[in-house]
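Descriptive analysis of the structure
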Amino acid sequence: MTQTTASLESLFRLDGEVALVTGAGAGIGRAIALMLAQAGASIVAADRDAETAAQTVSLIEAAGGQGLAVVADVSLAADCNKMIDETIARFGRLDVLVNNAGIYPPFPRLPEVDWDLFDRTLDINVKAVLRCTIEAARRMSSGGRIVNMSSMESIRPSGPSASHYNITKGAVNAMTRAAAVDLASLGIRVNAVLPGFIMTEGTSAIPEAALEQFANRAPSNRVGKPEDIAAATLFLASKASDYVNGHCLLVDGGTTIVGG
Ligand code: NAP
């Protein structure tokens, strides 16, 4: 019995491995960095904000883990390469990439279009994910894992004025499946998490009434926590999901299935 418990736990352990998390200075990215560190991985916390990335690493170290803060804007090719170079220079390997950084500024409602904002959103939410995936795949050994942060909005819009964002997250789902197929020859698995509404720094401005609506829409009857997404990411980054590949995993308390 004890042995079964030990081997079950080991399915989720990442001891001796190195995980790079983008947008790790806040919200979902920080929660992922902390949980993967708790599972035993050394963490590279990349964010465009030096201070928040360093705070994430301080939290990891305070809990007995190992981390490296890297300042990187993932929409810049040079930063993306630098982030991976620094990972290899410090830890000698890269096992897990979590493409978490993403933006969701206020978007206009179609037929209004803000092309500049759309281009910027594409750069961060789509092109950066592809670029980091390519660069990481070139440096990972067989057995590497990539987890992309998509959104439930890619499956079913929960309201107007999100088309610019939803299009980018739909592209992340397609990219996840395409990369899973292409990178299989390198022994790299690629999956995505599709969060529902999650309370983070990025969503903190949302009014109380809207929050209640989100909670009521979910059969789970609450909004999500960053840790809900971190746990799903740990699953996809671990041996527990060894036969899961090219999958887009909804973590939305059931909101999407009831059409919320
Ligand atoms: P958040 O609280 O805004 O945190 C995102 C972090 O990423 C911030 O530290 C941000 O820095 C950083 N970042 C943004 N653009 C970056 C760039 N170009 N390069 C490097 N770092 C960058 O966001 P979140 O709510 O945790 O969301 C994280 C991911 O989950 C996103 O991909 C988002 O689309 C997805 N998601 C979130 C929800 C939700 O309800 N929260 C739902 C579905 C999907 P700054 O503070 O400087 O911007």
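Just above, that's the structure.
Residues numbered from 1 in each chain as written. Predicted model: local features only at pLDDT ≥ 70, side-chain atom pairs only at ≥ 80, totals over all residues. Heavy atoms only, no water.

**Some words on the site of the ligand**
- Taken together, 28 residues lie around the ligand, and Asp47, Arg48, Tyr104, Tyr165 and Thr200 are the ones closest in.
- At 3.5 Å, a backbone N or O of Ala72 approaches a nitrogen atom of the ligand.
- The backbone of Gly202 places a nitrogen or oxygen atom 2.9 Å from an oxygen atom of the ligand.
- Secondary structure elements with two or more residues in the shell around the ligand: helix H2 (27-38) and helix H6 (163-183).
- Broken down by class, the residue content of the shell around the ligand amounts to 13 nonpolar, 10 polar and five charged. (Near = heavy atom within 4 Å. Polar contact = N/O pair within 3.5 Å; in protein donor to acceptor, adjacent residues only side chain to side chain. Helix = DSSP H or I, 4+ residues; strand = E, 2+ residues; numbered from the N terminus. Nonpolar A, V, L, I, M, F, W, Y, C, P; charged D, E, K, R; others polar.)

**Considerations on the nonpolar core**
- Residues Val21, Ile32, Leu36, Ile43, Val193 and Ile229 are the most contacted members of the largest nonpolar core, which totals 30 residues.
- In this structure Ile32 touches Val21, Val98, Asn100, Met149, Ala230 and Thr233, once residues within four positions along its chain are discounted.
- Residues Val18, Val70, Cys132 and Ile146 belong to the second largest nonpolar core, which totals 28 residues. (Core = buried A, V, L, I, M, F, W, Y, C linked by side-chain atoms within 4.5 Å. Buried < 20%, exposed > 50% of the residue type's maximum accessible area, 1.4 Å probe, protein only. Contact = heavy atoms within 4.5 Å.)

**Points about helix H5 (residues 115-139)**
- In this model H5 runs 34 Å from its N-terminal to its C-terminal C-alpha over 25 residues, within 8% of the 36 Å that 1.5 Å per residue would give.
- At Asp123, H5 shows its maximal bend, which comes to roughly 40 degrees.
- The backbone nitrogen of Asp116 has a side-chain oxygen 3.2 Å away, supplied by the residue at the start of H5, namely Asp114. (Expected span 1.5 Å × (residues − 1). Bend = angle between axes of the 7 residues up to and from the residue.)

**Quick notes on the sheet that holds strand S4 (residues 96-99)**
- Strand order in the open sheet made by the seven strands is S3-S2-S1-S4-S5-S6-S7, with parallel pairing throughout. Two strands close off the open sheet at either side, each with one partner strand: strand S3 (67-71) and strand S7 (248-251). Recorded for the sheet is a direction-independent mean angle of 20 degrees between the axes of neighbouring strands.
- Sheet topology note: the strand S6 (residues 189-195)/S7 ladder contains four bridges and is parallel. Residue pairing across strands places Leu194 opposite Leu250, the latter belonging to S7.
- Strands strand S1 (18-22), strand S2 (42-47), S4, strand S5 (145-149) and S6 of the sheet are contacted by H2, whose axis makes an angle of about 170 degrees with S1.
- The sheet strands contacting helix H4 (residues 77-91) are S1, S2 and S3, and the helix crosses S3 at an angle near 155 degrees. (Pairing = 2+ DSSP bridges. Axes fitted to C-alpha atoms, helices over the stretch in contact; angles between N-to-C directions.)

**Focus: unusual backbone geometry**
- The peptide bond linking Leu110 to Pro111 adopts the cis configuration, its omega dihedral lying at 15 degrees.
- Along the polypeptide, Pro111 turns up in the loop between S4 and H5.
- Even without being glycine, Ser161 reaches a positive phi, approximately 65 degrees.
- In this model, Asn221 sits at a positive phi of 65 degrees, which is unusual for a non-glycine residue.
- Along the chain, Asn221 turns up in the loop between helix H7 (208-217) and helix H8 (226-237).

**Things to note about the pattern of salt bridges**
- Counted according to the given criterion, the structure contains nine salt bridges.
- Among the ionic pairs, Asp123 bridges to Lys127, the shortest N-O distance being 3.4 Å. A residue pair is termed a helical-turn pair when its members lie 3 or 4 positions apart in one helix, as Asp123 and Lys127 do in helix H5 at four residues.
- Classification of Asp123 by relative accessible area gives partly exposed; the value is 26%.
- Between Asp228 and Lys225 there is a salt bridge, with its nearest N and O atoms 3.8 Å apart. (Salt bridge = Lys/Arg side-chain N within 4 Å of Asp/Glu carboxyl O.)

**What about the packing of aromatic side chains?**
- A complete count under the given rule lists three aromatic pairs for this structure.
- Their ring planes at 80 degrees and their centres at 5.9 Å tell us that Tyr104 and Tyr165 sit as a pair that is edge-to-face. A residue pair is termed long-range when its members are at least 10 positions apart, and Tyr104 in the loop between S4 and H5 and Tyr165 in helix H6 qualify at 61 residues.
- Ring centres of Trp115 and Phe118 lie 6.0 Å apart, and the angle between their planes is 65 degrees; on these two criteria the pair is classed as edge-to-face. Here Trp115 pairs with Phe118, and both are found in helix H5, just three residues apart, close to one helical turn.
- For Trp115, a relative accessible area of 56% translates into the label exposed.
- For the cation-ring pair, Arg217 lies above Phe214, with the distance from its terminal atom to the ring centre recorded as 5.2 Å. (Phe/Tyr/Trp six-rings, centres within 6.5 Å; stacked < 30°, edge-to-face > 60°. Lys NZ or Arg CZ within 6 Å of the ring centre and 35° of its normal.)

**Re the pairing of S5**
- Buried residues dominate S5, accounting for five of its five residues.
- Of the two faces of S5, both are covered, the one formed by Arg145, Val147 and Met149 as well as the one formed by Ile146 and Asn148.
- Once you follow S4 into H5 and on to S5, the crossover reads as right-handed.
- Where S5 lies against S6, five bridges are found, and the strand directions are parallel. Paired with Met149 across the bridge in S6 is Val193.
- At this point the chain moves from S5, through H6, to the parallel S6, and the crossover so formed is right-handed. (Right-handed = clockwise from strand over helix to strand, strands pointing away.)

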